[in-house]
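Letter by letter, the chains look like this.
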Amino acid sequence: MRFQFALTLQALWTAVCQAAMQHYPAAWGHYDVCKSQVYSDEGLTWDYMACQPEAADMTQYLKVTLDPPNITCGDPPETYCALENPYMCNNECDATTEELAHPPELMFDIEGRNPTTFWQSTSWKKYPKALLVNITLSWNKTIELTDDIVLTFESGRPEQMVLEKSLDYGRSWQPYQFYATDCLDAFTMEPKTVQDLTQHTLLDIICTEDYSRGYVWKYDKTVRFEIKDRFALFAGPRLHNMASLYGQLDTTKNLRDFFTITDLRIRLLRPATGATMVDENNLSRYFYAISDIKVQGRCKCNLHANSCVFDKEKLSCECEHNTTGPDCGRCKRNYQGRAWSAGSYLPIPKGTANTCIPNNIGPVIRPNVSSLGVANRKEVAPQVALSTAPSVHVANSKRARVCDNELLRCQNGGVCVNNVRCNCPSTYTGVLCEKSRCESELGGCGGADSGHAPMTPPSSPQLLLLVLLGSALLRAASC
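Residues numbered from 1 in each chain as written. Predicted model: local features only at pLDDT ≥ 70, side-chain atom pairs only at ≥ 80, totals over all residues. Heavy atoms only, no water.

### Examining the overall build of the chain
Tallying secondary structure elements over the chain gives seven helices and 24 strands in all. Burial status across the chain gives 46% buried among its 479 residues. The long-range share in the chain, meaning contacts at least 24 apart out of those at least 6 apart in sequence, stands at 66%. Just so you have it, the chain exposes about 25,000 Å², and 52% of that area is on carbon and sulfur atoms. (Helix = DSSP H or I, 4+ residues; strand = E, 2+ residues; numbered from the N terminus. Buried < 20%, exposed > 50% of the residue type's maximum accessible area, 1.4 Å probe, protein only. Contact = heavy atoms within 4.5 Å. Areas by Shrake-Rupley, 256 points an atom, 1.4 Å probe, with all protein chains shown as cover.)

### Notes on helix 3 (residues 228–235)
Listed as buried for helix 3 are Arg 230, Phe 231, Ala 232, Phe 234 and Ala 235. Of the surrounding elements, those touching the buried residues of helix 3 are strand 8 (133–145), strand 11 (174–180), strand 13 (222–225), helix 4 (242–251) and helix 5 (255–258).

### Quick word on the state of the cysteines
A complete count under the given rule lists eight disulfides for this structure. A sulfur-sulfur separation of 2.1 Å characterises the disulfide bridge that pairs Cys 299 with Cys 308. Here Cys 299 and Cys 308 share a disulfide; its torsion about the S-S bond, -75 degrees, makes the bridge left-handed. (Disulfide = S-S within 2.5 Å.)

### Some thoughts on the confidence of the model for the chain
A low pLDDT score tells you not to read the predicted coordinates there in detail. Residues with a pLDDT of 70 or more make up 72% of the chain, whose mean pLDDT is 79. In the predicted structure, residues 5–29 sits below a pLDDT of 50 and forms 45 contacts with residues beyond four places in sequence or in another chain. In this model residues 447–467 is a low-confidence stretch, pLDDT under 50, and it forms 21 contacts with partners more than four residues away in sequence or in other chains. (pLDDT = per-residue confidence, 0-100.)

### Notes on the pairing of strand 16 (residues 296–299)
The pairing of strand 3 (residues 56–57) with strand 16 spans two bridges and is classified as antiparallel. Paired with Asp 57 across the bridge in strand 16 is Gln 296. Both strand 8 and strand 16 contribute to a ladder of three bridges, which runs antiparallel. By the bridge assignment, Glu 144 is partnered in strand 16 with Arg 298. (Pairing = 2+ DSSP bridges.)

### A short note on the packing of aromatic side chains
Counting across every chain of the model gives 14 aromatic pairs. Here the aromatic rings of Tyr 31 and Tyr 246 are separated by 5.1 Å at their centres, their planes lie at 85 degrees, and the arrangement is edge-to-face. Here the residue Tyr 31 occupies a position in the loop between helix 1 (2–23) and strand 1 (35–40), and Tyr 246 occupies one in helix 4, the gap between them amounting to 215 residues. Across this residue pair, the class does not change: Tyr 31 and Tyr 246 are buried. (Phe/Tyr/Trp six-rings, centres within 6.5 Å; stacked < 30°, edge-to-face > 60°.)

### A short note on the sheet that holds strand 9 (residues 149–153)
On the basis of which strands lie adjacent, the open sheet formed by four strands has the order 7-15-9-13 and antiparallel pairing. Looking at the sheet topology across the chains shown, the edges are occupied by strand 7 (119–120) and strand 13. As defined by bridge partners, strand 9 adjoins strand 13 across four bridges and the pair is classed as antiparallel. For Val 150, the partnering residue across the bridge sits in strand 13 and is Arg 224.

### Concerning the environment of Trp 124
Residue placement: Trp 124 occurs in the loop between strand 7 and strand 8. Separated by 162 residues in the primary sequence, Trp 124 and Tyr 286 place their C-alpha atoms 5.5 Å from one another. A distance of 2.7 Å separates the side chain of Trp 124 from the backbone oxygen of Lys 129, its partner in a polar contact. (Polar contact = N/O pair within 3.5 Å; in protein donor to acceptor, adjacent residues only side chain to side chain.)

### Looking at the pairing of strand 10 (residues 160–166)
Of all seven residues making up strand 10, six are buried, and the element is well covered by its neighbours. With six bridges joining them, strand 10 and strand 11 adopt antiparallel strand pairing. Paired with Val 162 across the two strands is Phe 178, which belongs to strand 11. When strand 10 meets strand 14 (residues 260–270), the two strands line up antiparallel, connected through seven bridges. Looking across to strand 14, one finds that Lys 165 is bridged to Leu 264.

### What to know about unusual backbone geometry
Trans is the common state for peptide bonds, and a negative phi is the common state for residues other than glycine. The amide bond that connects Asp 67 to the next residue, Pro 68, takes the cis arrangement and shows omega of 5 degrees. By secondary structure assignment, the location of Pro 68 is in the loop between strand 4 (63–67) and strand 5 (78–80). Here the amide bond leading from Leu 346 into Pro 347 is cis, since omega sits at -5 degrees, within 30 degrees of zero. Note on placement: Pro 347 falls in the loop between strand 20 (330–331) and helix 6 (377–380). One non-glycine residue with positive phi stands out, namely Leu 303, at about 65 degrees. Assignment of secondary structure puts Leu 303 in the loop between strand 16 and strand 17 (308–311). A residue is classified by how much of its surface remains accessible, and Leu 303, at 2% relative accessible area, is buried.

If you want it as structure tokens, here you go:
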């Protein structure tokens, strides 16, 4: 008997471990299913959950603009010298010849070509006037960053640069990070690195000298904005604890917005010079050239869509949960029975959909999902959203209907009468039979006259088996 009991425990433990591995992926965000059909006491119903598109290379969907617009080299044709050797001046830029042109789109083409393709600016021929270039990347859509932003410079990394973001389609800008060979001199900021940040200072704007200091050698070309290192402040060095990150994204003010953008702007303020003094007799050594820009992210759909389409040069979420809009940011017509709300990553692992509900079911009190655990996920799913509410008010209109759709059903064996009200068993009450009648009686639900027999604590082996069985069933239901 004990041997059979041990085998049962081992099987349950294996099932629980496999389910846990399945629902805690290594990468950021795999909420890729918006709903699934499950069997309940009422039959086949929908189980709604938070969802979002997979991460992708977002540079294939952007529009790039330069300021000033005539800053690209080649009009008129120009000869350039190598930064490391001022006497090697055999690089020509000519916008009228395909092999010698360096237009902006070459910042986003396929890498690995030989020779390397890159965008290039005009030289610093107007020195000492600053050589200033703004490169703006626009998506006309809200996106969420999921990996480091990486810029690869072909000409040597700039000595001064600012990376900026916009959340309102370029109407206003905020700095993301400053870059300089000397942060105090360039921006009156103490130099820092992302390793100096903590959970409490993650949103701080820093200036770093890691990507600008000293002469840039041949294979030292990249400038980064470290997204994953910031994720690691919550999820651990190898992003193994994604549950912690998801919880923080839901509960920490402004954290999700920090990784959200509609536009990026790269402000190039001073090119690489390779020395403390600029050689005024050979200004064709100084310019900007970028061979690659990487921006990894996903459409922001407020956890209400698992796919995003690019049609007519515009990105748009394919909304679920009765939501609509480019970002699924409002309820569909006739589904405004409660105020729109973004989905929630909590409880882990599948979150809460916060589905928009039909107009004719009256106001709904939504439980605070941030304090609920995995075991309560079913309780906060849309089809049983009222079951955890302490009290529910239904409109007095004759059109008010309680149990006439897949979102709201009578609980605890209650029977729906004429799609208007629930006929509850004698031991339950409430609009959806969600409350035990004995809760309001003297002695509570443990009293002798409550109609609910007091529970006898199970023995230790029984308790362990029940806990493991319950966990396994929960995992199986969520698959």
